[in-house]
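Below are the chains, spelled out letter by letter.
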Amino acid sequence: MEISTSFDAGRLTVYLGGELDHHEARSLMRQLDALLDEYMPRDCALNLRDLRFMDSSGIALIVRVSRRMQVLGGRAWIEDPARQPQRVIDAAGIERLVPIAMSR
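Residues numbered from 1 in each chain as written. Predicted model: local features only at pLDDT ≥ 70, side-chain atom pairs only at ≥ 80, totals over all residues. Heavy atoms only, no water.

Asker: Sorry if this is basic, but what is going on with the side chain of Glu79 here?
Answerer: Note on placement: Glu79 falls in strand β4 (residues 75-79). Those residues in contact with Glu79 that sit more than four places away from it in its chain are Arg11, Thr13, Ala45, Leu46, Asn47, Leu48, Arg49 and Ala101. (Helix = DSSP H or I, 4+ residues; strand = E, 2+ residues; numbered from the N terminus. Contact = heavy atoms within 4.5 Å.)

As structure tokens, this is what we get:
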């Protein structure tokens, strides 16, 4: 699992790459919690362009980030999900809770 971030004008973008499964999810949730605590962003985008694989634990992670951002008074969304994560997102119906932005 690869993670990188950028922060600009109150927006935290988290770039996820590799594979997100239940083994990686717990550690990643702690990392994301720490990033949200550090930056206190108004907006948080989870960019999934380079995520090759995601299982249902990725849905839990997305929902957790969305809820944390609501508590902070901000917004969260998903950006550019790759094909396989998009299928998991579609199957879960997560777009009813968390918007999806496509730049391509």
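This is not the end of the story, as more comes after the structure.
Asker: Would you mind going over unusual backbone geometry with me for this structure?
Answerer: Apart from glycine, the bulk of residues carry a negative phi angle, and the bulk of peptide bonds sit in the trans form. Even without a glycine there, the phi angle at Met40 is positive, about 45 degrees. Inspection of the secondary structure assignment puts Met40 in the loop between α1 (22-39) and β3 (43-54). Positive phi is not limited to glycine here, since Asp80 has a value of about 45 degrees. Counting through the fold element by element, Asp80 comes out in the loop between β4 and α3 (83-92). A residue is classified by how much of its surface remains accessible, and Asp80, at 3% relative accessible area, is buried. (Buried < 20%, exposed > 50% of the residue type's maximum accessible area, 1.4 Å probe, protein only.)

Asker: Quick question: what am I supposed to make of the nonpolar core here?
Answerer: Soluble, globular proteins show a tendency: their nonpolar side chains are buried together. Counting residues in each nonpolar core, the largest one holds 27 residues, and the members touching the most others are Val14, Leu48, Met54, Ile62, Ile89 and Ile94. The residues touching Ile89, leaving out its near neighbours within four places in the chain, are Leu48, Met54, Ile59, Ile62, Ile78, Pro81, Ile94, Glu95 and Ile100. (Core = buried A, V, L, I, M, F, W, Y, C linked by side-chain atoms within 4.5 Å.)

Asker: Before we go on, may I ask you to explain the sheet that holds strand β5 (residues 100-101) in this structure?
Answerer: Taken in spatial order, the 5 strands of this open sheet run β1-β2-β3-β4-β5, and their pairing is mixed. The sheet terminates laterally at β1 (2-8) and β5, the two strands that pair on one side only. Alignment of β4 against β5, held across 2 bridges, turns out to be parallel. The residue of β5 that forms the bridge with Glu79 is Ala101. Running over the sheet, α1 touches β1, β2 (11-20) and β3 and is turned about 170 degrees from β2. (Pairing = 2+ DSSP bridges. Axes fitted to C-alpha atoms, helices over the stretch in contact; angles between N-to-C directions.)

Asker: Would you mind going over the pattern of salt bridges with me for this structure?
Answerer: Inspection of the entire model under this criterion finds 6 salt bridges. One salt bridge connects Glu79 with Arg11, and the closest N-O pair in it is separated by 2.1 Å. Linking Glu79 in strand β4 with Arg11 in strand β2, this pair joins segments that are 68 residues apart in sequence. Judged by relative accessible area, Glu79 falls into the buried class, the value being 13%. Counted as one network, the salt bridges with shared partners bring together Asp33, Asp37, Arg64 and Arg68. (Salt bridge = Lys/Arg side-chain N within 4 Å of Asp/Glu carboxyl O.)

Read these as geometric descriptors, not functional statements.
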